[in-house]
Amino acid sequence: DTAVSQTPKYLVTQMGNDKSIKCEQNLGHDTMYWYKQDSKKFLKIMFSYNNKELIINETVPNRFSPKSPDKAHLNLHINSLELGDSAVYFCASSLGGNQPQHFGDGTRLSIL
Amino acid sequence: GENVEQHPSTLSVQEGDSAVIKCTYSDSASNYFPWYKQELGKRPQLIIDIRSNVGEKKDQRIAVTLNKTAKHFSLHITETQPEDSAVYFCAKDLNYGQNFVFGPGTRLSVLP
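Described in the following lines is the structure provided in the data block. (Residues numbered from 1 in each chain as written. Chains lettered and ligands numbered in written order. Predicted model: local features only at pLDDT ≥ 70, side-chain atom pairs only at ≥ 80, totals over all residues. Heavy atoms only, no water.)

**Things to note about the overall build of chain A**
A tally of helices and strands in chain A yields 0 helices and 11 strands. When the helices and strands of chain A are placed in sequence order, the string is β-β-β-β-β-β-β-β-β-β-β. Taken against the 2.2 N^0.38 rule, which gives 13 Å for 112 residues, the C-alpha radius of gyration of chain A at 13 Å falls within 12% of a compact globule. C-alpha atoms of chain A, sized along the principal axes, occupy 35 × 30 × 25 Å. Scored against the burial criterion, the 112 residues of chain A give a buried share of 43%. For chain A, restricting intrachain contacts to residue pairs at least 6 apart in sequence, the fraction spanning at least 24 positions comes to 54%. Of the roughly 5,500 Å² of accessible surface on chain A, 48% is carried by carbon and sulfur atoms. In chain A, which carries 12 positive and 11 negative side-chain charges, the distance between the mean positions of the two groups comes to 5 Å. (Helix = DSSP H or I, 4+ residues; strand = E, 2+ residues; numbered from the N terminus. Rg over C-alpha atoms; globule rule 2.2 N^0.38 Å. Buried < 20%, exposed > 50% of the residue type's maximum accessible area, 1.4 Å probe, protein only. Contact = heavy atoms within 4.5 Å. Areas by Shrake-Rupley, 256 points an atom, 1.4 Å probe, with all protein chains shown as cover. Lys, Arg positive; Asp, Glu negative; His and termini not counted. Charge placed at Lys NZ, Arg CZ, Asp CG, Glu CD.)

Structure representation (structure tokens):
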């Protein structure tokens, strides 16, 4: 019973393409996040949403556009993919700020 | 921006020994300090967390200490086992939990 599920697990595509990653949580949490983990394993927050509203946008290029149709979903659309976008992207959710975060299994994005 | 320093970056211990990882920060407004364990190819998982009104918390072989005055917090693992081998990340909240910053990680290897 996956609490935070994200699809796809792997995404291989060419530079310049547009792609989306989906995330859904069945924990009833109000807050969802997107993180980027680069090849050196640094985990950096990209966005946080609370009850479908954007709370934090951590200086992410506007080629990245999150969308939250409801509080159980936070999808990430990326336009004009660049080589530097190659990374593992993790979705996470929590009851709210200052609460434990539950991570999805990650989406490994590889740009050719 | 706000950073969290984490030391050491790699740590090797013999099975049964203790391991200590320390994180330091500069922002005094933080109130929530979680620790995550990430096994190779897997998602980060919360192992323990501590809030600013507590100095120490223990859960079986894992403990966390927090010194708000000195702005550092540490993870202590006793009686280490090979399955403790993983990358460990400290983290802290910003803006009352709306944002999080992670340390760069410590790769722990427990040698049998």
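After presenting the structure, the write-up continues.
**Description of the packing of aromatic side chains**
Under the defined criterion, the tally for this structure stands at 15 aromatic pairs over all chains. Here Y33(A) and F100(B) contribute two aromatic rings whose centre-to-centre distance is 6.2 Å and whose plane-to-plane angle is 80 degrees, an arrangement assigned as edge-to-face. In this pair, Y33(A) sits in strand β4 (residues 31-37) while F100(B) sits in strand β10 (residues 99-102), so the two residues belong to two different chains. Counting every residue linked through ring pairs, the aromatic cluster contains Y33(A), Y35(A), F90(A), F103(A), Y32(B), Y36(B), F89(B), F100(B) and F102(B). (Phe/Tyr/Trp six-rings, centres within 6.5 Å; stacked < 30°, edge-to-face > 60°.)

**Considering the environment of S74(B)**
Residues and elements named next belong to chain B. Relative to the helices and strands, S74 resides in strand β8 (residues 72-77). Spatially, the C-alpha atom of S74 lies 6.8 Å from that of V20, the residues being 54 residues apart in sequence. Setting aside residues up to four positions removed in sequence, S74 forms contacts with V20, I21, K22, W35, A63, V64 and T65.

**Section: the sheet that holds strand β8 (residues 75-78) of chain A**
Residue and element names in this part refer to chain A. Strand order across the open sheet formed by 4 strands is β1-β3-β8-β7, with antiparallel pairing between neighbours. This sheet does not close on itself; its edge strands, each paired only once, are β1 (4-7) and β7 (64-67). The mean inter-strand angle of the sheet, taken between neighbouring strand axes irrespective of direction, is 15 degrees. Of the strand pairs in this sheet, strand β3 (residues 19-25) and β8 are connected by 3 bridges, and their pairing is antiparallel. Within β8, the residue paired with S20 across the bridge is H77. (Pairing = 2+ DSSP bridges. Axes fitted to C-alpha atoms, helices over the stretch in contact; angles between N-to-C directions.)

**Side note on the state of the cysteines**
Counting across every chain of the model gives 2 disulfides over all chains. Through a disulfide, C23(A) is tied to C91(A); the S-S separation comes to 1.9 Å. Here the disulfide of C23(A) and C91(A) is left-handed, its torsion about the S-S bond being about -75 degrees. In this pair, C23(A) is assigned in strand β3 and C91(A) in strand β9 (residues 87-94), connecting sequence segments 68 residues apart. Here the two residues C23(A) and C91(A) agree in accessibility, since each one is buried. Sulfur-sulfur distance for the disulfide between C23(B) and C90(B) comes to 2.0 Å. Between C23(B) and C90(B), the S-S torsion sits near -100 degrees, and that sign places the bridge as left-handed. Taken together, the residues C23(B) in strand β3 (residues 19-25) and C90(B) in strand β9 (residues 86-94) connect sequence positions 67 residues apart. With respect to burial, C23(B) and C90(B) carry one shared label: buried. (Disulfide = S-S within 2.5 Å.)

**Concerning unusual backbone geometry**
Residue P8(A) follows T7(A) across a cis peptide bond; omega there is 0 degrees. Summarising the element assignment, P8(A) is placed in the loop between β1 and β2 (10-13). Here the amide bond leading from H7(B) into P8(B) is cis, since omega sits at 0 degrees, within 30 degrees of zero. Along the chain, P8(B) falls in the loop between β1 (4-7) and β2 (10-14). Of note, Q60(B) is a non-glycine position whose phi angle comes to about 60 degrees, a positive value. Of note, Q60(B) is situated in the loop between β6 (56-59) and β7 (62-67). The exposure class assigned to Q60(B) is exposed, which follows from its relative accessible area of 72%. Positive phi, close to 60 degrees, is recorded for K71(B), a residue that is not glycine.

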